[in-house]
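# Overview (structure and organization)
Residues per chain, in single letters:
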4 protein chains.
Amino acid sequence: MDFMGFKVVDEDALRQLERDLMAYGCAVEQLPAGELNSCGRRVRFQAPSGHHFELYADKEYTGKWGLNDVNPEAWPRDLKGMAAVRFDHALMYGDELPATYDLFTKVLGFYLAEQVLDENGTRVAQFLSLSTKAHDVAFIHHPEKGRLHHVSFHLETWEDLLRAADLISMTDTSIDIGPTRHGLTHGKTIYFFDPSGNRNEVFCGGDYNYPDHKPVTWTTDQLGKAIFYHDRILNDRFMT
Amino acid sequence: MDFMGFKVVDEDALRQLERDLMAYGCAVEQLPAGELNSCGRRVRFQAPSGHHFELYADKEYTGKWGLNDVNPEAWPRDLKGMAAVRFDHALMYGDELPATYDLFTKVLGFYLAEQVLDENGTRVAQFLSLSTKAHDVAFIHHPEKGRLHHVSFHLETWEDLLRAADLISMTDTSIDIGPTRHGLTHGKTIYFFDPSGNRNEVFCGGDYNYPDHKPVTWTTDQLGKAIFYHDRILNDRFMT
Amino acid sequence: MDFMGFKVVDEDALRQLERDLMAYGCAVEQLPAGELNSCGRRVRFQAPSGHHFELYADKEYTGKWGLNDVNPEAWPRDLKGMAAVRFDHALMYGDELPATYDLFTKVLGFYLAEQVLDENGTRVAQFLSLSTKAHDVAFIHHPEKGRLHHVSFHLETWEDLLRAADLISMTDTSIDIGPTRHGLTHGKTIYFFDPSGNRNEVFCGGDYNYPDHKPVTWTTDQLGKAIFYHDRILNDRFMT
Amino acid sequence: MDFMGFKVVDEDALRQLERDLMAYGCAVEQLPAGELNSCGRRVRFQAPSGHHFELYADKEYTGKWGLNDVNPEAWPRDLKGMAAVRFDHALMYGDELPATYDLFTKVLGFYLAEQVLDENGTRVAQFLSLSTKAHDVAFIHHPEKGRLHHVSFHLETWEDLLRAADLISMTDTSIDIGPTRHGLTHGKTIYFFDPSGNRNEVFCGGDYNYPDHKPVTWTTDQLGKAIFYHDRILNDRFMT
């Protein structure tokens, strides 16, 4: 995986997070404005899980989903394809989950929304949110560092998910699994592979959370159900 | 499989069908009223595929789905579980598809809504309807006579199908596949096994047909997609 | 209203219905093949309610909804607008409901699916079906003969109905009412006016019926709920 | 209206907000723990619009919607009625919108998600969020201070909204309007009156926002569409 970027609210917040990362002992790399098209300066760091993340405050504002800022219609009429509303989250495979958890919760303001605990009570998966969303980023324990499992795009409804699955067939796209539901987050999901071989998800629903909610816990003896709520078994492919 | 029964419109229709079956050379067995609870006399015959069917005209009328006959509400408020609207169809495995097709279309008034043809143009699956429904009964070629593949119950919506899949998980019921879509009929579906091991389907949507529509044809090189439109492969279990 | 046409299954059926109409005492007018584009000969008659109907057996077969006859995808990818699946039914205003009922049930093969009875038990609305559909044509008592209330197009889902309502707004189309549900048929509905001022309906769901079901009865003291199940009042506009 | 309460994340946050309110010049009233059942101490203040608000940090934690904290099923099986997921927001009528806006954005951490501007550019409605939700509280200009327009409960889907509308009819509950869509927030909605005469809303969907999004603006010449996207007119009742 290259990197995952988070937009922060403004330059003040970016400077503060930069200082906080360095104070925490996390090396920070500067990337100048304009290196990415239409993007301001970026602050880059590596999580203990091996993944690179970037923060930035400035980004060209293209509005909401193609709608006017004034008297916007219910949805853009010229959408094609799956009509994803937004990029939603990414799920990473890597090690050093506790150190990664500390970095994300103590420095970056995330909170633990859901987790998977093994029979010894060790956290083997952590779903982190900084909003009311089910998760903004998630990590699953894996001996190899820095791997990407999937990126996820948000659809509005379970009907849209059916439409997406139909489009996957109509375009001879490789499907992994779905439409189905996750136990974790209770979101509805399809996984499929884009032509470069990366796993993508389209996702809708998913429980809402607040920072003062207790995290939801799944136990590894129910891992099949936690991942695929209906089939209740993991396909081998999912682990890669 | 024991038998599948069809209610006919009245005693006149039953007598006519009885005569038509005998004229066609099909042996007919009489079963007296009351042998089945709340059911009038039944006329029993065996299709060339090996399956037994029964016709009857009288059945205790229990109304529509638990609703009043006068000023009925939109749905019954005390439903539990999957809330099936009706028994919808059954799919049979057996041989002698052409002779079975003749019996159902020439004597019983069915018409061919969809079919699967192999590379030689031989019909290996026939979906028969006598209404605007996608099918009322279907036959798939199988060397063994008289086997039942599944019985299917109609749900109203794709949302109801999600709810049914959730209930399958909550009740530790064995799922076969779904929620997904069929290519044949384009209906949305879940297959699951009841505690006695029989495959059941809950089903919604499905194309509408009229007797003067041309049958829809699927070819066996697309059989995976014909059966499971999203996965586009048959699981081995489905063939049993 | 000009006329409403029904396609019959074949030329034999057309000839039989022609004879039956004449035997019943109904004047029949002949319209030659080709007078309507891509349409065979038509048999025209007037119902006692004042409406004209036509029957025909031959019509250019354009297939199902733009899908292939062989290995058809789930839906046509290039649809725009509300994506109506089919013309569904029409509702007429007129008088002489009993004589019209007789003609449709005794000669044309319809059955009574639903009705509205006034406090004297007089039928003031009759919903007639010749399939498992909630209705194929309906008549509401009105002192003036031969008026059209609306024509209705079938959508697949309640989600499609929301999308249709959104499109009505986006295109500045005049809406009458909806999205809502009918008590009669329990179908979900929107009424809107096309630029020529005719009321159109998009409709989904709706109870299924069989000819041996007892008709569902609504009483005029519940007429608001029978027509608009959620608001439970008739808007004055509806009666025009 | 009595008051609307917001739970804050912890006692530290409560103390900070208390200090911030006082520093801003807003009188603060203390209410002891236990005065409300299962609720810690509350801090009460009045907004310039005339409405009272309360903040508290401690509340008995009853879990998520009746689900287990460990291996939770997709939804609670014993729900009855409309199955609201959560209290979502309230909409207030009152004056002094600019001062109220300042208090909510400068002291309490809300941001402006949507607004209605009149022909002079004066803000006559402000929708404020402190999450990714479409709004957590909204104010509409009205000459009288301190009035409640409605409280809103979140449903999951447009199907759930249909079910809610059906239940409103089945229970002879007074409906105001719906199911329909709002232009503002694009949420789907039903308004109805509880037996005490208060307007309630059930609501689903609604655009997501982030604090760095530009506010969406509706103009008063499109107010009908802004409020009721499909009908595009305000019923008089709505203004009361």
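Note that the coordinates shown come from a computational prediction; the quantities given were computed from them, not determined experimentally.

Conventions we followed
Residues numbered from 1 in each chain as written. Chains lettered and ligands numbered in written order. Predicted model: local features only at pLDDT ≥ 70, side-chain atom pairs only at ≥ 80, totals over all residues. Heavy atoms only, no water. Pairing = 2+ DSSP bridges. Helix = DSSP H or I, 4+ residues; strand = E, 2+ residues; numbered from the N terminus. Axes fitted to C-alpha atoms, helices over the stretch in contact; angles between N-to-C directions. Contact = heavy atoms within 4.5 Å. Domains from an automatic or database assignment. Buried area = accessible area lost by both parts, 1.4 Å probe. Salt bridge = Lys/Arg side-chain N within 4 Å of Asp/Glu carboxyl O. Polar contact = N/O pair within 3.5 Å; in protein donor to acceptor, adjacent residues only side chain to side chain. Nonpolar A, V, L, I, M, F, W, Y, C, P; charged D, E, K, R; others polar. Buried < 20%, exposed > 50% of the residue type's maximum accessible area, 1.4 Å probe, protein only. Least-squares fit on C-alpha atoms with pLDDT ≥ 70 in both.

Adjacent strands of a sheet form backbone hydrogen bonds with each other and so pair up, either parallel or antiparallel. Residues and elements named next belong to chain D. Strands sit in the order E10-E11-E12-E9-E5-E8-E7-E6-E13 across an open sheet of nine strands; the sheet is mixed. The open sheet has two edge strands, strand E10 (174-181) and strand E13 (216-219), and neither has a second partner. Strand-to-strand twist in this sheet, taken as the mean axis angle between neighbours without regard to direction, amounts to 15°. In the sheet, strand E6 (residues 111-117) pairs with strand E7 (residues 123-129) via six bridges, with the strands oriented antiparallel. Directly across from Glu-114, in E7, lies its bridge partner Phe-127. Relative to strand E11 (residues 188-193), helix H3 (residues 158-170) is tilted by about 20°, and along the sheet it contacts E10, E11 and strand E12 (199-204).

As a further point, take the environment of Met170(D). Note on placement: Met170(D) falls in helix H3. C-alpha separation for the pair Met170(D) and Met92(D), spaced 78 residues apart in sequence, amounts to 29 Å. Discounting residues that sit within four places of it in the chain, Met170(D) has contacts with Glu73(B), Ala74(B), Trp75(B), Arg77(B) and Tyr229(C).

So, about the domain arrangement of chain A. Residues and elements named next belong to chain A. As far as domains go, chain A holds domain 1 (4-56) and domain 2 (86-238). Using only C-alpha atoms to locate each centre, domain 1 and domain 2 end up separated by 24 Å. Between domain 1 and domain 2, the contact holds 14 residues from the first and 21 residues from the second. For the pairing of domain 1 and domain 2, the buried interface totals around 1400 Å² over both sides, and the portion due to carbon and sulfur atoms is 80%. Inspection of the domain 1/domain 2 interface yields zero salt bridges. Contributions of two or more residues to the side of domain 1 that touches domain 2 are made by strand E1 (4-7), helix H1 (11-24) and strand E4 (52-56). Broken down by element, the side of domain 1 that touches domain 2 gets its largest block of residues, four residues, from H1.

This part takes up the interface of chain A and chain D. Contact residues are listed per partner, giving 38 residues for chain A and 38 residues for chain D. Taken over both partners, the interface formed by chain A and chain D buries close to 3300 Å², and the fraction arising from carbon and sulfur atoms is 51%. Taking the shortest distance from any N to any O, the salt bridge between Glu73(A) and Lys225(D) comes out at 3.0 Å. In this structure, the connection of chain A to chain D is made through 25 residue pairs in polar contact (both at pLDDT 80 or more). Here the side of chain A that touches chain D takes four residues from strand E13 (residues 216-219) of chain A, the largest share from any one element. Residue composition of the side of chain A that touches chain D, by class: 16 nonpolar, nine polar and 13 charged.

A word on the pattern of salt bridges. Applying the stated criterion across every chain, the model contains 80 salt bridges over all chains. One salt bridge connects Arg181(C) with Asp166(D), and the closest N-O pair in it is separated by 2.6 Å. Here Asp166(D) lies in helix H3 and Arg181(C) lies in strand E10 (residues 174-181), a pairing that spans two chains. Here Arg181(C) and Asp166(D) have matching classes, each one buried.

This brings us to the relation of the copies chain B and chain C. When chain B is fitted onto chain C, the two copies agree to an RMSD of 0.0 Å after a turn of 180° and an axial shift of 0.0 Å. Such a turn and shift between the copies fits a two-fold axis. Here 100% of the contact residues of chain B are again contact residues in chain C; the copies associate through an equivalent surface.

Our next topic: the interface of chain B and chain C. Much of the literature gives interface size as the accessible area that the parts lose upon coming together. Across the contact, 38 residues belong to chain B and 38 residues belong to chain C. The contact between chain B and chain C buries some 3300 Å² in all, and 51% of this surface belongs to carbon and sulfur atoms. Of all residues in chain B, Tyr61(B), Lys64(B) and Asn71(B) give up the largest surface area on contact with chain C, accounting jointly for 18% of the area buried on that side. Remark: the boundary between chain B and chain C carries six salt bridges. Between Lys7(C) and Asp212(B) there is a salt bridge; the shortest N-O distance is 2.6 Å. Our enumeration of links across chain B and chain C arrives at 25 residue pairs in polar contact (both at pLDDT 80 or more). Broken down by element, the residue count for the side of chain B that touches chain C peaks at four residues, all from strand E13 (residues 216-219) of chain B. Along the lines of polarity and charge, the residues of the side of chain B that touches chain C split into 16 nonpolar, nine polar and 13 charged.

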